[in-house]
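Per-entry structural report
The residues making up each chain are set out below.
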Amino acid sequence: MGKVMKDPYQVVMKKTNLPITLLNETAKYARVHLLDTEPFENTFGKQSRRKKPTLKVADVKDMLENVETAQANYVEEKDTNIEIDTGGVKDEPSALIFKAGQSKRIWNELYKVVDSSDVLIHVLDARDPQGTRCPQVEKYLKKEAPHKHLIFVLNKCDLIPTWSTQKWVATLSSEYPTLAFHASISNPFGKGALIQLLRQFGKLHTDKKQISVGFIGYPNVGKSSIINTLRKKKVCNVAPIAGETKVWQYVTLMRRIFLIDCPGVVYPSGDTETDIVLKGVVRVENINAPEDHIPEVLNRVKSEYLIKTYNISAWTDHEDFLEQVAKRYGKLLKVRIHCSTTLATIRNS
């Protein structure tokens, strides 16, 4: 039974009302056999002795091995107890815009959706599936809500090659059921497969009058667009920028299936500001210096694709690239100097 419960492709049809989960907590309620380690005279009575503290090592040799291991894994840059002489120069604190999707209000909205949903659809961006995953939420569902079904939907698959979509679907399907999707009211892809899957979940939960399907994921991955695609009309506000959805929203798909739209949530994962910008989490027009993130774009994208897209020649650095694009699009100031901020905003968008 435990193996079936951990398999995302198998569903327990008839659940018992007995507290089976208590069987998995034997270590928590196990008795402590004190007399197996200490005699009765030393444990109870007037001659009882104080228990020795629990040590992680048995002898000095084990302690030396632990010290050597800790010393080998020591990283000076991560030691917060060291005072570093910066010569009076410090890095500018990160702007509040890079904390988008991490507020307490957003996380409260997420937990509302998780608690209210029977099926959770984790929407991923096909251009960066691993970068838009939230392992913390997946771990929370496994531990706190194993009875809820989790599905991956690989949205925006029209922006990547077909062979890449097939490989990502095969890779992610080893963990959870995965579907490729293209959100479009007029010309969708994967809509029929998703609706059929939701109907199957509806038949599994015959004990309920209706089931709720929650959409979770990073900002700007297309959660609201998928709901509009399933309904064939605009029922949720959508925009090509992050942060359009502010609160959760119930939408009726059919008589027994309801959809829940959730704001985008970003878990603090140690990403750099450039990674956050390229994932589409923040609005590019609100960044103070968008041209600082152009070098990473040039490193990730092949030069032949950029030359073909912008119809420019080879460049030496990101400044030369912005200058050529400025001349191409007419983004020049009065003194014939290119406006790098405007160009970088267009490029990151």
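First, a word on what this report is: a plain description of the structure on this page.

Quick look at the sheet that holds strand β2 (residues 149-155)
Reading across the sheet, the 6 strands line up as β3-β2-β1-β4-β6-β5 and stay open at both edges, with mixed pairing between neighbours. The sheet is open, and its two edges are formed by β3 (178-180) and β5 (249-254), each paired on a single side. Within this sheet the neighbouring strands show an average axis-to-axis angle of 25 degrees, counted without direction. In the sheet, β5 pairs with strand β6 (residues 257-261) via 5 bridges, with the strands oriented antiparallel. Note that in β6 the partner of Gln249 across the bridge is Asp261.

Re the pairing of strand β4 (residues 211-217)
Burial within β4 is extensive, with 7 of its 7 residues counted as buried. Side chains Ile211, Val213, Phe215 and Gly217 project from β4 onto one buried face, and the interleaved Ser212, Gly214 and Ile216 project onto a second face that is buried too. For strand β1 (residues 119-125) and β4, the ladder comprises 5 bridges, and the chain directions are parallel. The residue bridging His122 from the neighbouring strand is Ile216, located in β4. Pairing of β4 with β6, which is carried by 5 bridges, proceeds in the parallel orientation. Note that in β6 the partner of Val213 across the bridge is Leu259.

Some thoughts on the environment of Asp115
Topologically, Asp115 is positioned in helix α4 (residues 104-116). A sequence separation of 99 residues divides Asp115 from Gly214, and the C-alpha atoms of the two residues are 9.5 Å apart. Beyond its immediate stretch of four places on either side in the chain, Asp115 contacts Tyr140 and Lys148.

Quick notes on the nonpolar core
If you look at the biggest cluster of nonpolar residues, it comprises 32 residues, and the most contacted ones within it are Ile121, Leu194, Phe215 and Leu259. Breaking this core down by element, the ones donating at least two residues are β1, β2, α7 (191-204), β4, α8 (223-231), β5, β6 and α9 (273-278). At 5 residues, α7 tops the list of elements feeding residues into this core. Residues Leu120, Cys134, Ala145 and Val265 belong to the second largest nonpolar core, which totals 22 residues.

Thoughts on the packing of aromatic side chains
Each aromatic ring pair is described using two quantities: the centre-to-centre distance and the angle formed by the ring planes. Tallying each qualifying case throughout the model produces 8 aromatic pairs. Note on Trp315 and Phe321: the rings are 5.0 Å apart at their centroids and 65 degrees apart in plane angle, and the pair reads as edge-to-face. With respect to class, Trp315 is no different from Phe321; both count as buried.

Conventions used here
Residues numbered from 1 in each chain as written. Predicted model: local features only at pLDDT ≥ 70, side-chain atom pairs only at ≥ 80, totals over all residues. Heavy atoms only, no water. Pairing = 2+ DSSP bridges. Helix = DSSP H or I, 4+ residues; strand = E, 2+ residues; numbered from the N terminus. Axes fitted to C-alpha atoms, helices over the stretch in contact; angles between N-to-C directions. Buried < 20%, exposed > 50% of the residue type's maximum accessible area, 1.4 Å probe, protein only. Contact = heavy atoms within 4.5 Å. Core = buried A, V, L, I, M, F, W, Y, C linked by side-chain atoms within 4.5 Å. Phe/Tyr/Trp six-rings, centres within 6.5 Å; stacked < 30°, edge-to-face > 60°.

Note that all results are geometric; they support no functional claim without further evidence.
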